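The residues making up each chain are set out below.
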Amino acid sequence: MCGEDAFAITPDILLKAYACGIFPMADSADDPNLFWVEPHERGILPLETFHVPRRLKRTMRSGLFEIRVDTDFDAVIGGCARRRPGRRSTWINGEIRRLFGALFRRGYVHTVETWQEGRLVGGLYGLSLGGAFFGESMFSDERDASKVALVALVERLRAGGYVLLDTQFTTSHLETFGAVSVSRARYQEMLEEAVQVEADFDRLDKMGQSSASETEDEGGPAGRG
């Protein structure tokens, strides 16, 4: 698979690659080719010990941002790919956009979006397989916007029964939330178990709908005409 020409990669090949523990990148947005990556140490964010900094908790409670899910994939990946001052050229090229766009339409790729006054100001996207979620990239046009999206993602993964949040690499930013690195061998063990899990990315929404239905049945506010 690693010798495949970039344009021969299909969405199904991409799914198989992630299930094997490898993922694609490009040297730049202008380079049409992809190469496969399998780090010696893999970044993960343990869901059971995920830590939200105190200041960010205040931001979450403030209601400054609105969270939406899967409403604008093109805008989210576009935000992630945008060049910013002090940042090297993006690894998200046209081929990445094509492949992940196809998988988004098939329900394997998801976005968690941060909106403010009707404007998309941050978010992230990633790929879901079984009980594993592979975080790909995030962006922020307002302070804390991507962090709020990450907190919302973890809440959703916990509710949906996920057991693995793969961040590919660790960064000082992710370490503040509890991200750690594990060996390739340990990661493979975790991945093999995770992809066998039946998880549901939308379970949090269904739980909310169920609660609303119960309120209607009980004659609560949602049932008033």
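What counts, and at which threshold
Residues numbered from 1 in each chain as written. Predicted model: local features only at pLDDT ≥ 70, side-chain atom pairs only at ≥ 80, totals over all residues. Heavy atoms only, no water. Pairing = 2+ DSSP bridges. Helix = DSSP H or I, 4+ residues; strand = E, 2+ residues; numbered from the N terminus. Axes fitted to C-alpha atoms, helices over the stretch in contact; angles between N-to-C directions. Contact = heavy atoms within 4.5 Å. Parallel < 35°, antiparallel > 145°, perpendicular 65-115°, else oblique. Nonpolar A, V, L, I, M, F, W, Y, C, P; charged D, E, K, R; others polar. Salt bridge = Lys/Arg side-chain N within 4 Å of Asp/Glu carboxyl O. Buried < 20%, exposed > 50% of the residue type's maximum accessible area, 1.4 Å probe, protein only. Patch = residues over 30% accessible without salt bridge, like charges linked within 9 Å, V, L, I, M, F, W, Y side chains within 5 Å. Areas by Shrake-Rupley, 256 points an atom, 1.4 Å probe, with all protein chains shown as cover. Lys, Arg positive; Asp, Glu negative; His and termini not counted. Charge placed at Lys NZ, Arg CZ, Asp CG, Glu CD. Core = buried A, V, L, I, M, F, W, Y, C linked by side-chain atoms within 4.5 Å. Phe/Tyr/Trp six-rings, centres within 6.5 Å; stacked < 30°, edge-to-face > 60°. pLDDT = per-residue confidence, 0-100.

Okay, the sheet that holds strand β6 (residues 119-129) next. With respect to topology, seven strands assemble into an open sheet ordered β4-β5-β6-β7-β8-β3-β9, the strand pairing being mixed. Single-partner strands in this sheet number two, and they are β4 (66-69) and β9 (180-183). Across the sheet, the axes of successive neighbouring strands diverge by a mean angle of 35°, strand direction being ignored. With two bridges joining them, strand β3 (residues 41-44) and strand β8 (residues 164-168) adopt antiparallel strand pairing. Within the sheet, the bridge partner assigned to G43 lies in β8 and is Q168. The sheet contacts of helix α5 (residues 145-160) involve β4, β5 (109-116), β6, β7 (132-140) and β8, and relative to β7 the element is tilted by about 160°.

With that settled, consider the packing of helix α1 (residues 11-20) against helix α4 (residues 94-105). It is at 9 Å that the axes of α1 and α4 come closest, and there the two elements cross at 90°. The orientation of α1 with respect to α4, classified from their angle, is roughly perpendicular. Taken together, the residues of α4 that come into contact with α1 (itself represented by P11, L14, L15 and Y18) are L99, F100, A102 and L103. Of the residues assigned to the contact of α1 with α4, the class counts are eight nonpolar, no polar and no charged.

Right, let's talk about the pattern of salt bridges for a bit. Taken as a whole and judged by the stated rule, the model has eleven salt bridges. The closest approach of N and O atoms between D141 and R82, which form a salt bridge, is 3.0 Å. One end of the pair, D141, is in the loop between β7 and α5; the other, R82, is in the loop between α3 (73-81) and α4, and 59 residues separate them in sequence. For D141, a relative accessible area of 32% puts it in the partly exposed group. Taking the shortest distance from any N to any O, the salt bridge between D144 and K147 comes out at 3.9 Å. Overall, the relative accessible area of 8% leaves D144 in the buried class. For K147, a relative accessible area of 25% translates into the label partly exposed. Residues joined by salt bridges that share partners form a network here, namely R55, D144 and K147.

All right, on to the packing of helix α2 (residues 54-62) against α5 then. Interaxial distance between α2 and α5 falls to 11 Å at its minimum, and their mutual angle equals 85°. If you check the angle between α2 and α5, you find them roughly perpendicular. On the side of α2, the interface is formed by R55, L56, T59 and M60, while α5 contributes K147, V148 and V151. Grouping the amino acids of the contact of α2 with α5 by side-chain chemistry returns four nonpolar, one polar and two charged.

Attention now goes to a positive patch on the surface. Among the surface-exposed residues, R54, K57, R58 and R61 lie close enough to one another that they form a single positively charged patch. Summarising the element assignment, R61 is placed in helix α2.

With that out of the way, let us pick up the nonpolar core. If you look at soluble globular proteins, the nonpolar side chains tend to sit buried side by side. Ranked by internal contacts, the top residues of the largest apolar core, which has 40 residues, are F100, Y125 and L127. In contact with L127, not counting residues within four places along its chain, are L15, Y18, F100, L103, Y108, V109, A132, F133 and F134. Counting residues in each nonpolar core, the second largest holds 25 residues, with V52, V151, A152 and F201 among its members.

For the structure on display, the rule yields nine aromatic pairs. With 5.4 Å between their ring centres and 10° between their planes, F50 and F177 make a pair best called stacked. Of this pair, F50 sits in the loop between β3 and α2 while F177 sits in the loop between α6 (172-175) and β9, and the two are 127 residues apart along the sequence. On the basis of relative accessible area, F50 is assigned to the buried category, the value being 11%. Their ring planes at 85° and their centres at 6.1 Å tell us that F73 and Y125 sit as a pair that is edge-to-face.

Let us look at the confidence of the model for the protein chain. The share of residues in the protein chain with pLDDT of 70 or more is 87%, and the mean pLDDT across the chain is 88. Overall, residues 1-7 carries pLDDT values under 50, and its contacts beyond four positions in sequence, including any with other chains, amount to 13 contacts. With pLDDT under 50 throughout, residues 212-225 is counted as low confidence; its partners more than four residues away or in other chains account for six contacts.

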